[in-house]
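Chain by chain, the residues:
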Amino acid sequence: QLTMPTGAAAEARLALVIGQSAYRTVPELPNAANDAKGMTELLGNAGFTVTTASNLAQNDMRQAISDFAGKVSASGADTVALVFYAGHGLQIDGENYLVPIDLDPKREADIPLQGVRLNDLLNTLGALPTRARIFMLDACRNNPFPALSGAGHGLAIVDTKAGAPGSFISYSTSPGAEAEDGSGIDSPYTTAALTIAKQPNLPIEEVFKRIRVAVAQSTDGRQIPWESSSLTTDFKFFGESSGQPSLPGANSMALASGTRSLEDWCKELQGKPAMVAYELVI
């Protein structure tokens, strides 16, 4: 059971989690639903009030974004707003689109009509007074629509000057590249995020650097997450200094980040699987 420490910061935390699995005209993305479920649990533990919306058609996705923006606006300027999206994303002429489950394009010109522009999401939240806006986009999966032969691979990088300062945008892979759905329960990106974001007292920049290392390892270098930031404040998912709860076992993890003797390291790492030991050392 996680409890809020006394004297917690006044910072409000709101999250919108979207998982797009049940596409109607192309094969399902089974891991997207799992990704959304895992992130909903993680963010709830990190003190976020989470709205989870799955398998959204275009109108439903626009409405979910609008409703979330209303909640962020009502929450005030001390709010951290986070959006996690797992599903298909497409790039047309350098413009990124999130893909509703009812998308059925016959030509590239249909995408702006049937998709949801990523910039619309960024600008809707960017227009609101907030402490920070965090976007996690596991949306660079392959283009599943054969009619769109000219659609760019993956997503184009978006400059965070769109909207007000204070945005952090994480892409599951590098610009123009494709991310993998993964052979496990979750995608490689979300698998790494669910593990690394739990570590206490890590600044958000360090969290996503470690995610990049982990995803590059798990995909043999095929997938390298990127991020773009205009943050002007500090943010940590967990840790006393952020006013958020620490997870069980956090003390032993925190010890690993300090100056350790060789003897301490041997005790800490003995018997642990190689990847767990590697993450502790990193």
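Residues numbered from 1 in each chain as written. Predicted model: local features only at pLDDT ≥ 70, side-chain atom pairs only at ≥ 80, totals over all residues. Heavy atoms only, no water.

Engineer: Hey, could you run me through the overall build of the protein in this one?
Structural biologist: Along the protein, the regular secondary structure elements total nine helices and nine strands. Across the 282 residues in the protein, those meeting the buried criterion constitute 49%. By sequence separation, contacts in the protein at least 24 residues apart represent 74% of the contacts at least 6 residues apart. Here the protein displays about 12,500 Å² of accessible surface, and carbon together with sulfur accounts for 53% of that area. (Helix = DSSP H or I, 4+ residues; strand = E, 2+ residues; numbered from the N terminus. Buried < 20%, exposed > 50% of the residue type's maximum accessible area, 1.4 Å probe, protein only. Contact = heavy atoms within 4.5 Å. Areas by Shrake-Rupley, 256 points an atom, 1.4 Å probe, with all protein chains shown as cover.)

Engineer: I'm lost on the environment of tyrosine 85 in this one. Help?
Structural biologist: Tracing the chain through its elements places tyrosine 85 in strand 3 (residues 79–86). By relative accessible area, tyrosine 85 is classed as buried at 0%. With 13 residues separating them in the primary sequence, tyrosine 85 and leucine 98 have C-alpha atoms 8.5 Å apart. Apart from residues lying up to four places away in sequence, tyrosine 85 is in contact with Ile18, Gln20, Tyr23, Met61, Leu98, Val99, Met136, Leu137, Asp138 and Ala139. Here histidine 88 takes part through its backbone oxygen, which lies 2.8 Å from a polar atom of the side chain of tyrosine 85. (Polar contact = N/O pair within 3.5 Å; in protein donor to acceptor, adjacent residues only side chain to side chain.)

Engineer: Explanation requested: helix 2 (residues 58–75) in the structure shown.
Structural biologist: Three or four residues apart is the spacing at which side chains of an α-helix point the same way, because the helix has 3.6 residues per turn. Taking 1.5 Å per residue, 18 residues should reach 26 Å; helix 2 reaches 26 Å between its end C-alpha atoms and fits that length. Buried-residue contacts for helix 2 involve strand 1 (12–19), strand 3, strand 5 (95–98), helix 3 (111–114), strand 6 (116–117) and helix 4 (118–126). One or two steps after helix 2, the chain reaches glycine 76, where phi turns positive at roughly 100°. (Expected span 1.5 Å × (residues − 1).)

Engineer: I keep staring at the packing of aromatic side chains and nothing clicks. Help me out?
Structural biologist: Here a ring pair, both rings aromatic, is described through the centre-centre distance and the interplanar angle of the planes. Under the definition given, this model contains three aromatic pairs. Grouped by ring-pair contacts, the aromatic residues Phe48, Phe235 and Phe237 constitute a single cluster. (Phe/Tyr/Trp six-rings, centres within 6.5 Å; stacked < 30°, edge-to-face > 60°.)

Engineer: Before we go on, may I ask you to explain the sheet that holds strand 4 (residues 89–92) in this structure?
Structural biologist: Two pairing modes exist for strands in a sheet, parallel and antiparallel, and in both the strands are linked by backbone hydrogen bonds. Pairing in this open sheet of three strands is antiparallel, and the strands run 4-5-6 from one edge to the other. On the outer flanks of this sheet lie strand 4 and strand 6, each paired with one strand and no other. In this structure, strand 5 lies alongside strand 6, joined through two bridges in antiparallel fashion. Along strand 6, the bridge assignment pairs leucine 98 with valine 116. (Pairing = 2+ DSSP bridges.)

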